[in-house]
Amino acid sequence: MSERKPGWKQIPRGGLILEAGNAAQYLTGDWRSLRPVWDPEACSHCLFCWVYCPDAAILVAEGKMKGINLDFCKGCGICANQCPRTGALTMVTEGSVTAQAGS
Amino acid sequence: MSRAQQNRVAITGNEAVALAMKQVEPDVVAAYPITPQTDIVQYFSSFVADGEVQTEFVTVESEHSAMSACVGAAAAGARAMTATSANGLALMWEVLYIAAGLRLPIVMPVVNRALSAPINIHCDHSDSMGARDSGWIQLYSEDAQEAYDNILQAVRIGEHPDVLLPVMVCLDGFIISHSLENLKVLDKEQVTAFVGDYRPDARLLDAKRPITVGALELQDFYFEHKRQEAEAMVRSAPIIEAVADEYARLTGRKYSFFEAYRMDDAEVAVMVLNSAAGTARAVVDQLRRRGVRAGLLKLRVFRPFPGAALAEALAGLSVVGIMDRAEGLSAAGGPLFVEVRSALLGRPRHPLVLNHIYGLGGRDVGPDQIEQVFADLLRAAEAGEARQQVTHIGVRD
Ligand code: SF4
Ligand code: SF4
């Protein structure tokens, strides 16, 4: 994200967005302070997290929980709160993760 | 464009405004009645009920909703209008900024009335002056004729592709809104031809080119869009002039940013907005007969503020009295005073500037009060200084 953003003369007036469906380009996960960490061993694939996630950030394939799309996960913790399996979803601070591995 | 045949009618200020709206025939009018604007909405709703206009008339539950409905309609691609006064305008507050920020050219007559408290239904300019920094163009009208003419021009100014800003057309509550006046009006066909169609290049109801209106912008883009909005206000100035020229060719009535009356050799002058200009003109004539070099500057366009042109027009005076029909409550004088004085600052030569606050809550302003202002100005001209910079006239001590 280091390239220069367009100036006021280059953008549509009044904050109009002229291109349809471009919300996908806006990575809403980039201001998260907590993130869910998934433990596949503890998961029963009930998909409660998928149902409840307000940002459709739970990745599912062939009826199985596959992980979390951190580009759009905002770290609200609803998934971890709804998850019936102890330890399947744990909320940790972003700082603790990025300190270890970078994001 | 050849000069149009015009009809002479005797109608009130509010009727003149309603007639202008009827002739513009916007796609949507969303409005809530409030004294002294009420007749406008009432007349317009009759036009709708009687099938005289095809306008979609939205009866809303508040002015906040009226302006919100206009924003939605204008964003959808419709020409939208409303009208209000005083506390109604205050209730629209947050949506005024949204209309301007989204660059929606809504036209709104504002029948000037004092803001509460104390509750009062009569004229002063505290309502529109409070909205002066909301991003709306503001045109002021001395009488019903000017209000009618301003509304037709407002449509063209606001919708111009270089501008795309909403426009308020202000006129004095009761003094103008409820007084019968003899004025010249155009035919519906002439108005239709003059205002043309509103064809925004992007609109919500264009299913082939879907857009998003009103998206969130944080630190990364908000500033750029405010910069655009500021530029639109600057660019509206030549458009206001061009539309006035075209309107003059059509009607013979020429408007500009202000009217300079007997200013050429004036030594002292007053500056006013709206209906007090008529009284001030009469006082100037009277003083001239007595040999006083008096003048009047009637400001028509407050936003965009024509600071440089005003400074030019006032440069030759010894003293100018800025008459504010609104208390800025800033402890620094009324809003018009503050802006005019700031426009004069930095000029090599400029007059002494005094401020007279008058007519709050509909307090009548007669020739005697304006003579009192001129007496003050002449005293200051002689002394080379003012005893007092801000004076409230017509108030009991
Ligand atoms: S933390 Fe919130 S946003 Fe992220 S995956 Fe869980 S429910 Fe979705
Ligand atoms: S809610 Fe818990 S157990 Fe159910 S799928 Fe999600 S992570 Fe697995």
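Quick caveat, the model's predicted, so the values are computed rather than measured.

Criteria and thresholds
Residues numbered from 1 in each chain as written. Chains lettered and ligands numbered in written order. Predicted model: local features only at pLDDT ≥ 70, side-chain atom pairs only at ≥ 80, totals over all residues. Heavy atoms only, no water. Helix = DSSP H or I, 4+ residues; strand = E, 2+ residues; numbered from the N terminus. Rg over C-alpha atoms; globule rule 2.2 N^0.38 Å. Buried < 20%, exposed > 50% of the residue type's maximum accessible area, 1.4 Å probe, protein only. Contact = heavy atoms within 4.5 Å. Areas by Shrake-Rupley, 256 points an atom, 1.4 Å probe, with all protein chains shown as cover. Lys, Arg positive; Asp, Glu negative; His and termini not counted. Charge placed at Lys NZ, Arg CZ, Asp CG, Glu CD. Buried area = accessible area lost by both parts, 1.4 Å probe. Polar contact = N/O pair within 3.5 Å; in protein donor to acceptor, adjacent residues only side chain to side chain. Nonpolar A, V, L, I, M, F, W, Y, C, P; charged D, E, K, R; others polar. Expected span 1.5 Å × (residues − 1). Bend = angle between axes of the 7 residues up to and from the residue. Near = heavy atom within 4 Å. Salt bridge = Lys/Arg side-chain N within 4 Å of Asp/Glu carboxyl O. Domains from an automatic or database assignment. Core = buried A, V, L, I, M, F, W, Y, C linked by side-chain atoms within 4.5 Å. Phe/Tyr/Trp six-rings, centres within 6.5 Å; stacked < 30°, edge-to-face > 60°. Lys NZ or Arg CZ within 6 Å of the ring centre and 35° of its normal.

Enquirer: Describe the overall build of chain B, and please don't skip the residues or the numbers.
Expert: When helices and strands are tallied, chain B shows 13 helices and 15 strands. The C-alpha atoms of chain B give a radius of gyration of 21 Å, which matches the 21 Å a tight globule of 397 residues would have. Dimensions of chain B along its principal axes, counting C-alpha atoms only, are 70 × 55 × 45 Å. Relative to its full complement of 397 residues, chain B shows a buried share of 56%. Within chain B, contacts between residues at least 6 apart in sequence are counted, and of these 80% link residues at least 24 apart. Counting only carbon and sulfur atoms, one obtains 51% of the accessible surface of chain B, whose full area is about 16,300 Å². With 37 positive and 50 negative side-chain charges, chain B shows a separation of 5 Å between the mean positions of the two kinds.

Enquirer: Summarise the interface of chain B and chain A; cite the residues concerned and give the values.
Expert: Chain B puts 20 residues into the contact, and the matching count from chain A is 14 residues. With both sides pooled, the region where chain B packs onto chain A buries about 1,600 Å², and carbon together with sulfur makes up 62% of that total. The largest contributions to the chain B side of the interface with chain A come from Thr212, Phe221 and Gln228 of chain B, which together make up 26% of the buried area. Taken together, chain B and chain A are joined by 7 residue pairs in polar contact (both at pLDDT 80 or more). Tallying contributions element by element places helix α9 (residues 222–251) of chain B first for the side of chain B that touches chain A, with 5 residues. The class makeup of the residues in the side of chain B that touches chain A is 9 nonpolar, 4 polar and 7 charged.

Enquirer: An account of helix α7 (residues 144–159) of chain B is requested, with residue identities and associated values reported.
Expert: Residues and elements named next belong to chain B. Across its 16 residues, α7 extends 23 Å between first and last C-alpha, which sits within 8% of the 22 Å expected from 1.5 Å per residue. The largest bend in α7 is about 25 degrees, located at glutamine 153. Among the 16 residues in α7, 15 count as buried, and that is most of the element.

Enquirer: Residues and numbers for the site of ligand 2, please.
Expert: Lining the immediate environment of ligand 2, one finds 14 residues, of which Cys43, Cys46, Leu47, Cys49 and Cys83 of chain A sit closest. Tallied by class, residues from the shell around ligand 2 come to 11 nonpolar, 2 polar and 1 charged.

Enquirer: If you had to explain the side chain of glutamate 63 of chain B to someone new, which residues and values would you point to?
Expert: Tracing the chain through its elements places glutamate 63 of chain B in helix α3 (residues 63–76). Of the side chains with opposite charge, arginine 113 of chain B lies nearest to the buried glutamate 63 of chain B, which makes no salt bridge, at 7.9 Å.

Enquirer: Quick rundown of the domain arrangement of chain B? Include the residues and the values.
Expert: All names here are of chain B. Partitioning chain B into domains gives domain 1 (7–251) and domain 2 (258–392). Of the residues lining the interface, 30 residues belong to domain 1; the matching set on domain 2 comes to 24 residues. Ranking the residues of domain 1 by area buried against domain 2 places Met129, Tyr140 and Glu142 at the top, with a combined share of 29%. Run the count over domain 1 and domain 2 and you get 4 salt bridges. Put simply, glutamate 142 and lysine 298 hold a salt bridge, and the shortest N to O gap is 3.0 Å. Where domain 1 touches domain 2, the interface holds 19 residue pairs in polar contact (both at pLDDT 80 or more).

Enquirer: Let's hear about the site of ligand 1: which residues, and what values?
Expert: Taken together, Pro36, Cys53, Pro54, Ile58, Cys73, Lys74, Gly75, Cys76, Gly77, Ile78, Cys79 and Met91 of chain A make up the full set of residues near ligand 1. In terms of residue class, the shell around ligand 1 is built from 9 nonpolar, 2 polar and 1 charged.

Enquirer: Which residues make up the nonpolar core, and what are the values?
Expert: Residues and elements named next belong to chain B. Residues Met67 and Tyr148 are the most contacted members of the largest nonpolar core, which totals 103 residues. Counting residues per element, this core draws most heavily on α7, which supplies 8 residues. Each of domain 1 (7–251) and domain 2 (258–392) accounts for three or more of the residues forming this core. Excluding its chain neighbours within four sequence positions, the residues that come into contact with methionine 67 are Thr82, Met92, Val95, Leu96, Ala99, Ile106, Met108 and Trp136. Counting 24 residues, the second largest nonpolar core, distinct from the first, contains Ala276, Val319, Val365 and Ile393.

Enquirer: Quick rundown of the side chain of serine 134 of chain B? Include the residues and the values.
Expert: Position of serine 134 of chain B among the secondary structure elements: in the loop between α6 (126–130) and β6 (137–141). Among the polar contacts made by the side chain of serine 134 of chain B, one reaches the main-chain carbonyl oxygen of alanine 131 of chain B at a distance of 2.7 Å.

Enquirer: Could you give an account of the packing of aromatic side chains, naming the residues involved and the relevant values?
Expert: Following the criterion strictly, the structure yields 5 aromatic pairs over all chains and no others. Seen from their ring centres, phenylalanine 194 of chain B and tyrosine 247 of chain B are 5.4 Å apart, and the 65 degrees between their planes marks the pair as edge-to-face. Within this pair, whereas phenylalanine 194 of chain B is found in helix α8 (residues 188–195), its partner tyrosine 247 of chain B is found in helix α9, the two being separated by 53 residues in sequence. Residue classification places tyrosine 247 of chain B among the buried positions, given a relative accessible area of 0%. Arranged with centres 5.6 Å apart and planes meeting at 80 degrees, the rings of phenylalanine 302 of chain B and phenylalanine 305 of chain B form a pair that is edge-to-face. By relative accessible area, phenylalanine 302 of chain B is classed as buried at 0%. Residue phenylalanine 305 of chain B is classed as partly exposed on the basis of its relative accessible area, which comes to 21%. Chaining the aromatic ring pairs together yields one cluster made of Phe44, Phe47 and Phe57 of chain B. Just above the ring of tryptophan 8 of chain A sits the side chain of arginine 227 of chain B; from NZ or CZ to the centre is 4.1 Å.

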